[in-house]
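# Descriptive analysis of the structure
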Amino acid sequence: MLLLNPNKLVQTHPDPVLREIIRKTVDFFETKGKKKLKEDDLNRVWYADFIEFVAREKIFYTLLTPAGYGNADCRWDTSRLVVFNEVLGFYGLCYWYVWQVTILGLGPIWMSDNEALKRKTAKLLEEGAIFAFGLSEKEHGADIYASDMLLIPQGDGKYVARGDKYYIGNGNEAAMVSTFGRLPDDGGYVFFTVNSKHEKYELVKNITATQSYVAEFILNDYPITDADILSRGDEAWNSTLNTVNIGKYNLGWGSIGICTHAFYEAINHASGRSLYSMQVTDFPHVKQMFVDAWARLVAMKLFASRAADYFRSASAEDRRYLLYNPVVKMKVTTQGEEVINLIWDVIAAKGFERDTYFDTAARDIRGLPKLEGTVHVNIALIVKFMQNYFFNPAEYAAVAKREDAANDDFLFNQGPTKGLGKIRFHDYRPVYAGSSLPNVRIFAEQIELFRKFLMKATPDEIQQKDIDFLLAVGEIFTLVVYGQLILENAAMSSVTGDIVDQIFDFMVRDFSKFALALYSKPSSTETQMSFCTQMIRKAHTDTERFKRVLDDHVYSLNGAYTMKE
(Lines give C-alpha, C1' and ligand atoms only; values in the text may rest on other atoms or scores of the structure.)
Protein backbone atom coordinates (compact mmCIF):
# COMPACT_ATOMS: atom_id res chain seq x y z
CA MET A 1 0.00 0.00 0.00
CA LEU A 2 1.86 3.08 -1.29
CA LEU A 3 -0.74 5.63 -0.13
CA LEU A 4 -2.43 5.96 3.23
CA ASN A 5 -5.99 4.60 3.20
CA PRO A 6 -7.94 4.95 6.47
CA ASN A 7 -10.30 2.19 5.30
CA LYS A 8 -7.40 -0.24 5.11
CA LEU A 9 -4.84 0.57 7.77
CA VAL A 10 -2.15 -1.89 6.77
CA GLN A 11 0.65 -2.69 9.19
CA THR A 12 3.29 -0.32 7.85
CA HIS A 13 5.17 0.17 11.13
CA PRO A 14 6.29 -2.50 13.61
CA ASP A 15 5.37 -0.54 16.75
CA PRO A 16 2.00 -1.71 18.18
CA VAL A 17 1.66 1.44 20.32
CA LEU A 18 1.86 3.62 17.22
CA ARG A 19 -0.58 1.44 15.32
CA GLU A 20 -3.11 1.82 18.15
CA ILE A 21 -2.60 5.60 18.17
CA ILE A 22 -3.22 5.72 14.41
CA ARG A 23 -6.33 3.57 14.70
CA LYS A 24 -7.78 5.77 17.43
CA THR A 25 -6.88 8.96 15.54
CA VAL A 26 -8.55 7.73 12.36
CA ASP A 27 -11.61 6.72 14.40
CA PHE A 28 -11.73 10.20 15.95
CA PHE A 29 -11.82 11.94 12.59
CA GLU A 30 -14.09 9.45 10.84
CA THR A 31 -16.56 9.68 13.73
CA LYS A 32 -16.39 13.47 13.53
CA GLY A 33 -17.21 13.14 9.83
CA LYS A 34 -16.51 15.33 6.83
CA LYS A 35 -19.56 17.55 7.33
CA LYS A 36 -18.48 18.58 10.83
CA LEU A 37 -14.84 18.81 9.73
CA LYS A 38 -15.83 21.30 7.03
CA GLU A 39 -18.20 23.25 9.29
CA ASP A 40 -15.42 23.75 11.84
CA ASP A 41 -13.07 24.85 9.08
CA LEU A 42 -15.52 27.33 7.55
CA ASN A 43 -16.46 28.74 10.97
CA ARG A 44 -12.84 28.86 12.18
CA VAL A 45 -13.61 26.81 15.27
CA TRP A 46 -10.71 26.26 17.68
CA TYR A 47 -10.13 22.49 17.69
CA ALA A 48 -10.62 21.91 21.40
CA ASP A 49 -12.20 18.51 20.70
CA PHE A 50 -9.01 17.32 19.01
CA ILE A 51 -6.79 18.62 21.82
CA GLU A 52 -9.04 16.90 24.37
CA PHE A 53 -8.75 13.65 22.38
CA VAL A 54 -4.96 13.94 22.25
CA ALA A 55 -4.84 14.61 25.99
CA ARG A 56 -7.16 11.72 26.82
CA GLU A 57 -5.13 9.26 24.76
CA LYS A 58 -1.78 10.81 25.85
CA ILE A 59 -0.66 10.92 22.21
CA PHE A 60 1.69 13.91 22.34
CA TYR A 61 3.06 12.57 25.62
CA THR A 62 3.82 9.17 24.09
CA LEU A 63 5.29 10.40 20.83
CA LEU A 64 7.05 13.63 21.90
CA THR A 65 8.56 12.71 25.27
CA PRO A 66 12.14 11.42 24.91
CA ALA A 67 13.06 8.15 26.56
CA GLY A 68 13.88 8.59 30.22
CA TYR A 69 11.34 11.35 30.84
CA GLY A 70 8.12 9.38 30.48
CA ASN A 71 6.73 5.86 30.69
CA ALA A 72 8.06 2.83 28.84
CA ASP A 73 6.15 3.67 25.64
CA CYS A 74 7.55 7.21 25.43
CA ARG A 75 10.35 8.01 23.03
CA TRP A 76 11.20 10.55 20.34
CA ASP A 77 11.24 8.28 17.31
CA THR A 78 11.10 10.01 13.94
CA SER A 79 9.79 6.87 12.23
CA ARG A 80 6.71 7.06 14.47
CA LEU A 81 6.34 10.82 14.11
CA VAL A 82 6.16 10.74 10.31
CA VAL A 83 3.23 8.32 10.35
CA PHE A 84 1.26 10.55 12.72
CA ASN A 85 2.27 13.61 10.65
CA GLU A 86 0.76 12.05 7.55
CA VAL A 87 -2.52 11.14 9.24
CA LEU A 88 -2.99 14.65 10.65
CA GLY A 89 -2.27 16.21 7.26
CA PHE A 90 -4.76 13.81 5.72
CA TYR A 91 -7.60 15.22 7.84
CA GLY A 92 -6.62 18.86 7.98
CA LEU A 93 -3.66 21.20 8.19
CA CYS A 94 -4.93 22.83 11.39
CA TYR A 95 -4.68 19.52 13.27
CA TRP A 96 -1.21 18.97 11.91
CA TYR A 97 -0.29 22.54 12.85
CA VAL A 98 -1.01 22.26 16.57
CA TRP A 99 1.22 19.17 16.59
CA GLN A 100 3.95 20.82 14.50
CA VAL A 101 4.12 23.92 16.67
CA THR A 102 4.24 21.79 19.80
CA ILE A 103 7.25 19.99 18.31
CA LEU A 104 8.95 23.34 17.68
CA GLY A 105 8.18 24.54 21.19
CA LEU A 106 9.63 21.37 22.68
CA GLY A 107 12.88 21.61 20.71
CA PRO A 108 14.70 24.19 22.88
CA ILE A 109 13.43 22.46 26.03
CA TRP A 110 14.71 18.98 25.18
CA MET A 111 17.97 20.55 23.93
CA SER A 112 18.58 22.39 27.20
CA ASP A 113 20.46 21.39 30.35
CA ASN A 114 17.59 22.53 32.56
CA GLU A 115 16.52 19.18 33.98
CA ALA A 116 13.82 20.65 36.20
CA LEU A 117 12.09 22.23 33.19
CA LYS A 118 12.41 19.00 31.24
CA ARG A 119 10.68 17.05 34.01
CA LYS A 120 8.01 19.71 34.21
CA THR A 121 7.54 19.52 30.44
CA ALA A 122 7.07 15.74 30.52
CA LYS A 123 4.43 16.15 33.23
CA LEU A 124 2.62 18.81 31.21
CA LEU A 125 2.65 16.59 28.12
CA GLU A 126 1.19 13.76 30.17
CA GLU A 127 -1.60 16.13 31.22
CA GLY A 128 -2.30 17.02 27.58
CA ALA A 129 -0.58 20.39 27.26
CA ILE A 130 0.43 21.98 23.97
CA PHE A 131 3.53 24.11 23.40
CA ALA A 132 4.70 27.05 21.30
CA PHE A 133 7.91 28.38 19.75
CA GLY A 134 8.41 32.12 20.34
CA LEU A 135 10.97 32.98 17.66
CA SER A 136 9.56 35.27 14.95
CA GLU A 137 8.84 38.97 15.42
CA LYS A 138 6.59 41.36 13.55
CA GLU A 139 9.33 43.70 12.37
CA HIS A 140 11.99 41.09 11.69
CA GLY A 141 10.17 37.87 10.74
CA ALA A 142 12.61 35.00 11.22
CA ASP A 143 15.65 37.31 11.17
CA ILE A 144 16.72 36.17 14.60
CA TYR A 145 19.90 38.27 14.50
CA ALA A 146 17.66 41.32 14.97
CA SER A 147 15.51 40.09 17.84
CA ASP A 148 14.01 42.90 19.92
CA MET A 149 12.82 40.66 22.75
CA LEU A 150 14.87 41.66 25.78
CA LEU A 151 15.53 39.76 28.99
CA ILE A 152 16.55 42.52 31.39
CA PRO A 153 18.49 41.53 34.54
CA GLN A 154 17.06 42.72 37.85
CA GLY A 155 19.68 41.16 40.14
CA ASP A 156 19.65 38.06 42.33
CA GLY A 157 18.90 35.76 39.38
CA LYS A 158 15.76 37.68 38.42
CA TYR A 159 14.81 39.27 35.10
CA VAL A 160 11.91 40.87 33.28
CA ALA A 161 11.11 39.95 29.67
CA ARG A 162 10.01 42.85 27.48
CA GLY A 163 9.04 42.66 23.83
CA ASP A 164 6.66 41.14 21.31
CA LYS A 165 6.46 38.01 19.18
CA TYR A 166 4.52 37.40 15.97
CA TYR A 167 3.45 34.32 13.94
CA ILE A 168 3.42 32.18 17.10
CA GLY A 169 1.24 29.10 16.65
CA ASN A 170 -0.53 27.82 19.79
CA GLY A 171 0.23 31.17 21.41
CA ASN A 172 -3.26 31.27 22.90
CA GLU A 173 -3.12 28.04 24.90
CA ALA A 174 0.50 26.94 25.21
CA ALA A 175 1.49 25.80 28.68
CA MET A 176 5.04 26.79 27.78
CA VAL A 177 6.24 29.13 25.07
CA SER A 178 9.96 28.64 24.38
CA THR A 179 10.90 32.27 23.79
CA PHE A 180 14.03 33.55 22.05
CA GLY A 181 15.49 36.89 23.02
CA ARG A 182 18.67 38.61 24.02
CA LEU A 183 20.22 40.25 27.02
CA PRO A 184 20.77 44.04 26.69
CA ASP A 185 24.10 45.63 25.83
CA ASP A 186 25.31 42.65 23.75
CA GLY A 187 24.80 40.28 26.64
CA GLY A 188 24.11 37.46 24.21
CA TYR A 189 21.15 35.40 23.13
CA VAL A 190 18.88 33.53 25.51
CA PHE A 191 15.99 31.05 25.46
CA PHE A 192 13.47 31.10 28.29
CA THR A 193 9.95 29.82 28.91
CA VAL A 194 6.74 31.71 29.58
CA ASN A 195 3.13 30.66 30.19
CA SER A 196 0.41 31.98 27.88
CA LYS A 197 -1.96 32.39 30.88
CA HIS A 198 0.31 34.66 32.91
CA GLU A 199 -1.00 38.18 33.63
CA LYS A 200 2.11 39.73 32.06
CA TYR A 201 1.56 37.76 28.85
CA GLU A 202 -0.63 39.92 26.60
CA LEU A 203 -2.35 37.94 23.85
CA VAL A 204 -2.95 40.57 21.17
CA LYS A 205 -4.76 38.67 18.43
CA ASN A 206 -4.87 35.77 16.02
CA ILE A 207 -3.17 37.12 12.93
CA THR A 208 -4.69 34.50 10.61
CA ALA A 209 -8.29 33.80 9.54
CA THR A 210 -8.13 30.05 10.18
CA GLN A 211 -8.95 27.49 12.84
CA SER A 212 -5.36 27.63 14.00
CA TYR A 213 -4.36 30.35 16.44
CA VAL A 214 -1.25 32.10 15.16
CA ALA A 215 -0.61 34.67 17.82
CA GLU A 216 0.85 38.05 18.29
CA PHE A 217 1.76 38.41 21.95
CA ILE A 218 3.56 40.95 24.12
CA LEU A 219 5.56 40.32 27.27
CA ASN A 220 5.00 43.29 29.56
CA ASP A 221 7.90 42.97 32.00
CA TYR A 222 7.12 39.29 32.43
CA PRO A 223 9.01 38.02 35.52
CA ILE A 224 11.69 35.42 34.78
CA THR A 225 14.15 33.66 37.07
CA ASP A 226 17.18 31.51 36.32
CA ALA A 227 14.89 28.50 36.72
CA ASP A 228 12.97 29.59 33.59
CA ILE A 229 16.06 29.90 31.39
CA LEU A 230 16.75 27.11 28.91
CA SER A 231 20.00 28.23 27.29
CA ARG A 232 22.30 31.19 26.75
CA GLY A 233 24.79 32.44 24.20
CA ASP A 234 25.86 29.99 21.51
CA GLU A 235 23.69 27.27 22.98
CA ALA A 236 20.59 29.44 22.61
CA TRP A 237 21.55 30.34 19.07
CA ASN A 238 22.15 26.70 18.14
CA SER A 239 18.82 25.73 19.68
CA THR A 240 16.93 27.99 17.28
CA LEU A 241 18.36 26.50 14.10
CA ASN A 242 18.58 22.93 15.39
CA THR A 243 14.92 23.08 16.38
CA VAL A 244 14.03 24.26 12.87
CA ASN A 245 16.12 21.35 11.51
CA ILE A 246 13.72 19.03 13.33
CA GLY A 247 10.55 20.94 12.58
CA LYS A 248 11.06 21.68 8.90
CA TYR A 249 11.21 17.97 8.11
CA ASN A 250 7.59 17.54 9.22
CA LEU A 251 6.22 19.92 6.60
CA GLY A 252 6.74 17.44 3.78
CA TRP A 253 4.59 14.88 5.59
CA GLY A 254 1.82 17.41 6.08
CA SER A 255 1.82 17.89 2.29
CA ILE A 256 1.77 14.14 1.69
CA GLY A 257 -1.29 13.71 3.90
CA ILE A 258 -3.18 16.60 2.30
CA CYS A 259 -2.45 15.42 -1.24
CA THR A 260 -3.46 11.84 -0.50
CA HIS A 261 -6.92 12.78 0.76
CA ALA A 262 -7.44 15.24 -2.10
CA PHE A 263 -6.38 12.59 -4.62
CA TYR A 264 -9.01 10.12 -3.39
CA GLU A 265 -11.70 12.78 -3.62
CA ALA A 266 -10.63 13.78 -7.11
CA ILE A 267 -10.46 10.25 -8.52
CA ASN A 268 -13.88 9.43 -7.07
CA HIS A 269 -15.40 12.53 -8.64
CA ALA A 270 -13.78 12.22 -12.06
CA SER A 271 -14.59 8.52 -12.37
CA GLY A 272 -18.29 9.25 -12.10
CA ARG A 273 -18.35 12.05 -14.67
CA SER A 274 -19.23 11.96 -18.36
CA LEU A 275 -18.62 14.87 -20.72
CA TYR A 276 -19.21 15.08 -24.47
CA SER A 277 -20.47 11.47 -24.45
CA MET A 278 -17.17 10.29 -22.98
CA GLN A 279 -16.02 9.28 -19.50
CA VAL A 280 -13.80 11.99 -18.03
CA THR A 281 -11.20 9.41 -17.04
CA ASP A 282 -10.92 8.27 -20.68
CA PHE A 283 -9.60 11.61 -21.94
CA PRO A 284 -5.86 11.31 -22.71
CA HIS A 285 -4.93 14.53 -20.90
CA VAL A 286 -6.85 13.41 -17.80
CA LYS A 287 -5.00 10.11 -17.79
CA GLN A 288 -1.70 11.98 -18.01
CA MET A 289 -2.58 14.39 -15.21
CA PHE A 290 -3.72 11.64 -12.87
CA VAL A 291 -0.64 9.50 -13.53
CA ASP A 292 1.65 12.49 -13.07
CA ALA A 293 -0.09 13.51 -9.84
CA TRP A 294 0.05 9.96 -8.45
CA ALA A 295 3.70 9.46 -9.45
CA ARG A 296 4.69 12.76 -7.87
CA LEU A 297 2.84 11.88 -4.68
CA VAL A 298 4.51 8.47 -4.43
CA ALA A 299 7.89 10.11 -5.07
CA MET A 300 7.23 12.60 -2.27
CA LYS A 301 6.61 9.75 0.13
CA LEU A 302 9.60 7.69 -1.05
CA PHE A 303 12.00 10.60 -0.61
CA ALA A 304 10.66 11.80 2.74
CA SER A 305 10.65 8.33 4.29
CA ARG A 306 14.21 7.65 3.12
CA ALA A 307 15.35 11.01 4.49
CA ALA A 308 14.03 9.88 7.88
CA ASP A 309 16.52 7.00 7.87
CA TYR A 310 19.42 9.45 7.56
CA PHE A 311 17.87 11.75 10.15
CA ARG A 312 17.61 8.93 12.69
CA SER A 313 21.14 7.71 11.89
CA ALA A 314 22.77 11.14 12.13
CA SER A 315 25.76 11.89 14.32
CA ALA A 316 28.44 14.53 14.68
CA GLU A 317 30.35 12.60 12.00
CA ASP A 318 27.37 12.14 9.67
CA ARG A 319 25.32 15.29 9.12
CA ARG A 320 23.92 14.46 5.69
CA TYR A 321 20.45 15.13 7.08
CA LEU A 322 21.24 18.86 6.90
CA LEU A 323 20.87 18.55 3.12
CA TYR A 324 18.04 16.03 3.03
CA ASN A 325 15.82 17.85 5.55
CA PRO A 326 15.62 21.15 3.62
CA VAL A 327 14.95 19.12 0.48
CA VAL A 328 11.98 17.52 2.26
CA LYS A 329 10.89 20.98 3.34
CA MET A 330 11.41 22.69 -0.03
CA LYS A 331 10.90 19.98 -2.65
CA VAL A 332 8.23 17.75 -1.13
CA THR A 333 6.05 20.72 -0.23
CA THR A 334 6.31 22.34 -3.67
CA GLN A 335 5.61 18.97 -5.27
CA GLY A 336 2.50 18.92 -3.09
CA GLU A 337 1.39 22.13 -4.77
CA GLU A 338 2.03 20.51 -8.14
CA VAL A 339 -0.08 17.47 -7.24
CA ILE A 340 -3.00 19.67 -6.21
CA ASN A 341 -2.65 21.77 -9.38
CA LEU A 342 -2.75 18.68 -11.59
CA ILE A 343 -5.85 17.12 -10.05
CA TRP A 344 -7.54 20.52 -9.77
CA ASP A 345 -7.24 20.83 -13.54
CA VAL A 346 -9.16 17.55 -13.75
CA ILE A 347 -11.98 18.30 -11.30
CA ALA A 348 -12.12 22.02 -12.22
CA ALA A 349 -15.06 23.85 -10.57
CA LYS A 350 -15.65 20.96 -8.17
CA GLY A 351 -12.52 22.04 -6.34
CA PHE A 352 -14.22 25.24 -5.18
CA GLU A 353 -17.23 23.59 -3.56
CA ARG A 354 -17.46 24.29 0.14
CA ASP A 355 -18.44 20.75 1.16
CA THR A 356 -15.32 19.15 -0.36
CA TYR A 357 -12.08 18.38 1.37
CA PHE A 358 -10.37 19.58 -1.81
CA ASP A 359 -11.48 23.17 -1.23
CA THR A 360 -9.58 23.17 2.07
CA ALA A 361 -6.61 21.28 0.61
CA ALA A 362 -6.19 23.74 -2.26
CA ARG A 363 -5.90 26.58 0.25
CA ASP A 364 -3.74 24.85 2.84
CA ILE A 365 -1.22 23.23 0.48
CA ARG A 366 0.08 26.73 -0.34
CA GLY A 367 1.16 27.38 3.23
CA LEU A 368 3.60 24.53 3.72
CA PRO A 369 6.35 25.75 1.34
CA LYS A 370 6.27 29.07 3.17
CA LEU A 371 6.69 27.85 6.75
CA GLU A 372 10.04 27.20 8.53
CA GLY A 373 11.82 29.29 5.87
CA THR A 374 10.66 30.03 2.34
CA VAL A 375 11.56 27.87 -0.66
CA HIS A 376 14.18 30.47 -1.58
CA VAL A 377 15.79 30.36 1.86
CA ASN A 378 15.99 26.58 1.76
CA ILE A 379 17.42 26.48 -1.77
CA ALA A 380 20.07 28.98 -0.67
CA LEU A 381 20.91 26.54 2.12
CA ILE A 382 20.88 23.52 -0.20
CA VAL A 383 23.40 24.96 -2.68
CA LYS A 384 25.99 25.22 0.11
CA PHE A 385 26.33 21.43 -0.08
CA MET A 386 26.66 21.20 -3.87
CA GLN A 387 30.46 21.28 -4.18
CA ASN A 388 31.08 18.37 -1.81
CA TYR A 389 28.08 16.42 -3.08
CA PHE A 390 29.35 16.34 -6.67
CA PHE A 391 33.11 16.51 -6.29
CA ASN A 392 34.19 15.29 -2.86
CA PRO A 393 32.28 12.14 -1.85
CA ALA A 394 33.12 10.22 1.32
CA GLU A 395 32.75 6.63 2.45
CA TYR A 396 29.89 5.87 4.82
CA ALA A 397 28.44 2.66 6.11
CA ALA A 398 25.13 1.89 4.44
CA VAL A 399 22.12 3.36 6.24
CA ALA A 400 19.38 0.80 6.74
CA LYS A 401 15.66 1.39 6.95
CA ARG A 402 15.13 2.75 10.47
CA GLU A 403 11.93 1.66 12.16
CA ASP A 404 13.61 0.27 15.27
CA ALA A 405 12.35 1.24 18.72
CA ALA A 406 15.14 3.69 19.54
CA ASN A 407 15.14 7.22 20.91
CA ASP A 408 16.61 9.74 18.46
CA ASP A 409 19.05 11.18 20.98
CA PHE A 410 21.21 13.08 18.50
CA LEU A 411 18.37 15.36 17.44
CA PHE A 412 18.63 17.15 20.78
CA ASN A 413 22.42 17.24 20.72
CA GLN A 414 23.14 18.39 17.16
CA GLY A 415 25.92 20.72 18.22
CA PRO A 416 27.06 23.93 16.49
CA THR A 417 25.16 24.99 13.38
CA LYS A 418 28.25 26.11 11.47
CA GLY A 419 30.51 24.20 9.09
CA LEU A 420 27.88 23.26 6.49
CA GLY A 421 30.40 23.53 3.66
CA LYS A 422 32.49 20.78 5.24
CA ILE A 423 29.71 18.17 5.28
CA ARG A 424 30.35 15.31 2.84
CA PHE A 425 28.05 12.78 1.22
CA HIS A 426 28.22 9.28 -0.15
CA ASP A 427 28.73 9.06 -3.91
CA TYR A 428 25.42 9.40 -5.73
CA ARG A 429 26.69 7.83 -8.96
CA PRO A 430 26.53 4.14 -7.96
CA VAL A 431 22.90 4.63 -6.94
CA TYR A 432 22.00 5.82 -10.42
CA ALA A 433 24.30 3.32 -12.13
CA GLY A 434 22.47 0.49 -10.37
CA SER A 435 19.32 1.05 -12.42
CA SER A 436 18.81 0.06 -16.06
CA LEU A 437 15.38 1.66 -16.34
CA PRO A 438 15.18 3.89 -19.43
CA ASN A 439 14.17 7.12 -17.73
CA VAL A 440 16.66 6.66 -14.90
CA ARG A 441 19.38 6.29 -17.52
CA ILE A 442 18.28 9.50 -19.28
CA PHE A 443 18.16 11.30 -15.95
CA ALA A 444 21.67 10.09 -15.09
CA GLU A 445 22.90 11.52 -18.40
CA GLN A 446 21.32 14.86 -17.54
CA ILE A 447 23.09 14.78 -14.18
CA GLU A 448 26.44 14.16 -15.81
CA LEU A 449 25.88 17.14 -18.10
CA PHE A 450 25.02 19.29 -15.11
CA ARG A 451 28.18 18.12 -13.35
CA LYS A 452 30.22 19.12 -16.42
CA PHE A 453 28.39 22.46 -16.42
CA LEU A 454 29.63 23.07 -12.87
CA MET A 455 33.18 22.06 -13.83
CA LYS A 456 33.57 23.73 -17.22
CA ALA A 457 31.05 26.58 -17.11
CA THR A 458 31.33 27.37 -13.42
CA PRO A 459 29.15 30.30 -12.38
CA ASP A 460 31.37 33.36 -12.00
CA GLU A 461 31.64 35.54 -8.91
CA ILE A 462 28.78 37.80 -9.96
CA GLN A 463 26.48 34.86 -10.77
CA GLN A 464 27.29 33.25 -7.42
CA LYS A 465 25.99 36.39 -5.72
CA ASP A 466 22.89 36.51 -7.94
CA ILE A 467 20.16 34.77 -5.92
CA ASP A 468 17.90 34.47 -8.96
CA PHE A 469 20.63 32.61 -10.89
CA LEU A 470 21.49 30.41 -7.91
CA LEU A 471 17.86 29.44 -7.41
CA ALA A 472 17.77 27.94 -10.91
CA VAL A 473 21.01 26.05 -10.22
CA GLY A 474 19.62 24.94 -6.86
CA GLU A 475 16.45 23.54 -8.42
CA ILE A 476 18.51 21.23 -10.63
CA PHE A 477 20.79 20.17 -7.78
CA THR A 478 17.75 19.44 -5.62
CA LEU A 479 16.35 17.16 -8.33
CA VAL A 480 19.57 15.12 -8.30
CA VAL A 481 19.36 14.60 -4.53
CA TYR A 482 15.64 13.89 -4.78
CA GLY A 483 16.13 11.19 -7.36
CA GLN A 484 18.97 9.56 -5.43
CA LEU A 485 16.97 8.93 -2.27
CA ILE A 486 13.90 7.89 -4.25
CA LEU A 487 15.99 5.18 -5.92
CA GLU A 488 17.49 4.09 -2.61
CA ASN A 489 14.07 3.74 -1.02
CA ALA A 490 12.51 2.06 -4.04
CA ALA A 491 15.17 -0.65 -3.91
CA MET A 492 14.59 -1.18 -0.19
CA SER A 493 10.80 -1.12 -0.49
CA SER A 494 10.45 -3.42 -3.50
CA VAL A 495 8.69 -0.72 -5.52
CA THR A 496 8.17 -2.02 -9.06
CA GLY A 497 10.21 -0.93 -12.04
CA ASP A 498 7.06 0.41 -13.71
CA ILE A 499 6.49 2.83 -10.85
CA VAL A 500 10.12 3.96 -10.67
CA ASP A 501 10.35 4.52 -14.42
CA GLN A 502 7.10 6.48 -14.36
CA ILE A 503 8.47 8.66 -11.56
CA PHE A 504 11.60 9.36 -13.57
CA ASP A 505 9.46 10.20 -16.58
CA PHE A 506 8.39 13.40 -14.82
CA MET A 507 11.86 13.83 -13.30
CA VAL A 508 13.41 13.99 -16.78
CA ARG A 509 10.80 16.54 -17.83
CA ASP A 510 11.36 18.63 -14.71
CA PHE A 511 15.13 18.57 -15.23
CA SER A 512 14.58 19.86 -18.75
CA LYS A 513 12.27 22.61 -17.48
CA PHE A 514 14.84 23.85 -14.96
CA ALA A 515 17.63 23.63 -17.56
CA LEU A 516 15.59 25.90 -19.82
CA ALA A 517 15.04 28.31 -16.94
CA LEU A 518 18.81 28.40 -16.32
CA TYR A 519 19.45 28.90 -20.04
CA SER A 520 17.10 31.89 -20.00
CA LYS A 521 18.76 33.77 -17.15
CA PRO A 522 20.04 37.20 -18.24
CA SER A 523 23.60 36.47 -17.14
CA SER A 524 23.97 32.96 -18.60
CA THR A 525 26.98 32.68 -20.91
CA GLU A 526 27.20 30.98 -24.29
CA THR A 527 29.03 28.03 -22.76
CA GLN A 528 26.48 27.70 -19.99
CA MET A 529 23.63 27.95 -22.50
CA SER A 530 25.19 25.19 -24.58
CA PHE A 531 25.26 22.83 -21.60
CA CYS A 532 21.68 23.76 -20.75
CA THR A 533 20.42 22.87 -24.21
CA GLN A 534 22.13 19.49 -23.95
CA MET A 535 20.40 18.88 -20.62
CA ILE A 536 16.98 19.29 -22.23
CA ARG A 537 15.89 15.74 -22.96
CA LYS A 538 12.69 13.91 -23.78
CA ALA A 539 11.54 11.19 -21.40
CA HIS A 540 11.35 7.64 -22.71
CA THR A 541 7.83 6.81 -23.85
CA ASP A 542 6.40 3.41 -22.95
CA THR A 543 2.66 3.24 -23.53
CA GLU A 544 2.36 -0.22 -21.99
CA ARG A 545 4.13 0.84 -18.79
CA PHE A 546 1.95 3.93 -18.61
CA LYS A 547 -1.21 1.85 -19.01
CA ARG A 548 -0.13 -0.59 -16.31
CA VAL A 549 0.51 2.24 -13.85
CA LEU A 550 -2.77 3.91 -14.80
CA ASP A 551 -4.90 0.77 -14.45
CA ASP A 552 -3.13 -1.04 -11.62
CA HIS A 553 -2.20 1.87 -9.36
CA VAL A 554 -4.16 5.00 -10.26
CA TYR A 555 -7.63 4.21 -11.54
CA SER A 556 -7.83 1.25 -9.18
CA LEU A 557 -8.10 3.84 -6.37
CA ASN A 558 -11.58 4.84 -7.54
CA GLY A 559 -13.88 4.20 -4.57
CA ALA A 560 -11.02 3.04 -2.34
CA TYR A 561 -11.71 5.78 0.22
CA THR A 562 -14.47 8.28 0.89
CA MET A 563 -14.65 10.11 4.19
CA LYS A 564 -17.78 9.48 6.20
CA GLU A 565 -20.25 12.35 6.22
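Summarised in this report is the structure supplied together with it. Everything numeric in this text was worked out from a predicted model, so none of it was measured. (Residues numbered from 1 in each chain as written. Predicted model: local features only at pLDDT ≥ 70, side-chain atom pairs only at ≥ 80, totals over all residues. Heavy atoms only, no water.)

## So, the packing of helix H5 (residues 93–110) against helix H7 (residues 233–271)
Put simply, the test is: Think of each axis as a best-fit line through the C-alpha atoms, taken over the contacting stretch in the case of a helix, with angles from 0 to 180 degrees between the N-to-C directions. Here a helix means four or more residues in a row that DSSP labels H or I, a strand means two or more in a row labelled E, and each is numbered from the N terminus. Here the word oblique covers every angle except those under 35 degrees (roughly parallel), over 145 (roughly antiparallel) and from 65 to 115 (roughly perpendicular). Should the near helix be turned counterclockwise from the far one by less than a right angle, the crossing is left-handed, whereas a clockwise turn marks it as right-handed. Residue contacts are counted whenever heavy atoms from the two residues lie within 4.5 Å of one another. Classification convention: Asp, Glu, Lys, Arg as charged; Ala, Val, Leu, Ile, Met, Phe, Trp, Tyr, Cys, Pro as nonpolar; all other residues, Gly among them, as polar.
Close contact between H5 and H7 brings their axes to 9 Å; oriented N to C, the two are set at 165°. By the angle between their axes, H5 is roughly antiparallel relative to H7. As H5 runs across H7, the sense of the crossing is right-handed. Contact with H5, carried on its side by Leu93, Trp96, Gln100, Ile103, Leu104, Gly107 and Pro108, involves Ser239, Thr243, Ile246, Gly247, Asn250, Leu251, Gly254 and Ile258 of H7 and no other residues of that element. The class makeup of the residues in the contact of H5 with H7 is eight nonpolar, seven polar and no charged.

## A few points about unusual backbone geometry
Operational definition: Burial classes: relative accessible area under 20% of the type maximum marks a residue as buried, over 50% as exposed, and values in between as partly exposed (1.4 Å probe, protein chains only).
Even without being glycine, Lys58 reaches a positive phi, approximately 55°. Within the secondary structure, Lys58 is located in the loop between helix H2 (48–57) and helix H3 (59–64). Here Lys58 falls in the partly exposed class, since its relative accessible area comes to 33%. Phi angles above zero are rare outside glycine, and Asp186 is one such case at about 60°. With respect to the element layout, Asp186 can be found in the loop between strand E4 (176–183) and strand E5 (188–194).

## Thoughts on the pairing of E5
Defined as follows: Pairing between strands is defined by DSSP: at least two bridges between them are needed.
The buried fraction of E5 amounts to five of the seven residues, a majority that puts the element mostly inside the structure. Both E4 and E5 contribute to a ladder of seven bridges, which runs antiparallel. Each residue of the ladder has a partner; that of Arg182, found in E5, is Tyr189. What sits between the antiparallel neighbours E4 and E5 is a turn of four residues, in which Asp185 has the positive phi angle 55°. Sheet analysis places E5 next to strand E8 (residues 229–232), joined by three bridges and oriented antiparallel. In the sheet register, Val190 faces E8, and the bridge partner there is Arg232.

## Here's the deal with the environment of Ile462
Structurally, Ile462 can be placed in helix H15 (residues 461–464). Here Ile462 falls in the exposed class, since its relative accessible area comes to 68%. Separated by 383 residues in the primary sequence, Ile462 and Ser79 have C-alpha atoms spaced 43 Å apart.

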